[in-house]
Amino acid sequence: MAPKPEPSRRIVADNRAARYHYTIEDTLEAGLSLTGTEVKSLRGGKATIGEAYAGPSGNDLMLFNAYIPEYLEANRFNHDTKRPRRLLLHRRQIDKLIGATQRQGYTVVPLKIYFNDKGRAKVELGLGKGKQAHDKREAAKERDWQRDRARLMRDRG
């Protein structure tokens, strides 16, 4: 049996700071409910999710504060750049994420927005806890040591 090939993804926005500010314990993929101009703008690849987060709104989970720029050719039919966008998940997944944020102090953070191999816009969500300042310093120290170790090993041959 042949190994399953890695799905092709075209990453539109990446939240690299999320792994620095949060300890990500679980990740999952969710669909995004977008308008036509948002999809066209995303295909241009200029979205930012550095300040975005996901949270409950009624019975749904929404993506707040994600910036998708206006599509220039759309003139008056354009979208609001920072509007809340509905995340498409199963009810059980929504309940799990909402419960974790309300009871256990977790945060749902978007890690990436990408197009899957079928051309659908997806968002990779991370469920994590915020890091303290000393945890961030420890992570930076460990990262520097790994870089120095790799450099020493490479120089030795």
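Residues numbered from 1 in each chain as written. Predicted model: local features only at pLDDT ≥ 70, side-chain atom pairs only at ≥ 80, totals over all residues. Heavy atoms only, no water.

**Student:** Describe the pattern of salt bridges, and please don't skip the residues or the numbers.
**Tutor:** Applying the stated criterion to the full structure yields eight salt bridges. Ionic pairing is found between E51 and K82, a salt bridge with its closest N-O pair at 3.9 Å. Of this pair, E51 sits in the loop between α2 (36-44) and β3 (53-57) while K82 sits in the loop between β4 (60-64) and β5 (85-88), and the two are 31 residues apart along the sequence. Judged by relative accessible area, which is 58%, E51 ranks as exposed. Its relative accessible area of 36% is what places K82 among the partly exposed residues. R86 serves as the salt-bridge partner of D60, at 3.2 Å between the closest nitrogen and oxygen. Of this pair, D60 sits in strand β4 while R86 sits in strand β5, and the two are 26 residues apart along the sequence. Judged by relative accessible area, D60 falls into the partly exposed class, the value being 23%. (Salt bridge = Lys/Arg side-chain N within 4 Å of Asp/Glu carboxyl O. Helix = DSSP H or I, 4+ residues; strand = E, 2+ residues; numbered from the N terminus. Buried < 20%, exposed > 50% of the residue type's maximum accessible area, 1.4 Å probe, protein only.)

**Student:** Quick one: what's the story with the environment of L127, residue by residue and with numbers?
**Tutor:** Note that L127 resides in strand β7 (residues 121-130). Counting along the chain gives 19 residues from L127 to V108, while the straight-line C-alpha distance between them is 4.8 Å.

**Student:** Outline the layout of surface pockets, listing residues and values.
**Tutor:** As a volume, the largest pocket reaches approximately 160 Å³. Residue lining of the largest pocket: D14, N15, R16, R19, Y20, L111 and K112, and that is the complete set. Where the lining of the largest pocket is concerned, the elements lending two or more residues are α1 (18-21) and β6 (107-115). Tallied by class, residues from the lining of the largest pocket come to two nonpolar, one polar and four charged. (1 Å grid on protein atoms, 1.4 Å probe; cavity = no way out; pocket = protein on both sides within 12 Å on 5 of 7 lines; lining within 4 Å. Points joined across faces, edges and corners; volume = space filled by probe spheres on them. Nonpolar A, V, L, I, M, F, W, Y, C, P; charged D, E, K, R; others polar.)

**Student:** Give a detailed account of the side chain of E124, specifying residues and quantitative values.
**Tutor:** Tracing the backbone shows E124 in strand β7. Those residues within four positions of E124 in sequence are excluded, and the remaining contacts are R9, R19, T27, L28, V109, P110, L111, K112 and Y114. (Contact = heavy atoms within 4.5 Å.)

**Student:** Just give me the short version of the pairing of β6, but keep the residues and values in it.
**Tutor:** Burial within β6 is extensive, with seven of its nine residues counted as buried. In this structure, strand β1 (residues 10-14) lies alongside β6, joined through four bridges in antiparallel fashion. Considered in β6, the bridge of I11 is made with Y114. Two strands pair when backbone bridges link them, and β6 and β7 are joined in this way by eight bridges, in the antiparallel orientation. Considered in β7, the bridge of V109 is made with G126. The hairpin formed by β6 and β7 contains five residues between the paired strands, and G119 there has a positive phi angle of roughly 85°. (Pairing = 2+ DSSP bridges.)

Just geometry here; none of it tells us what the structure is for.
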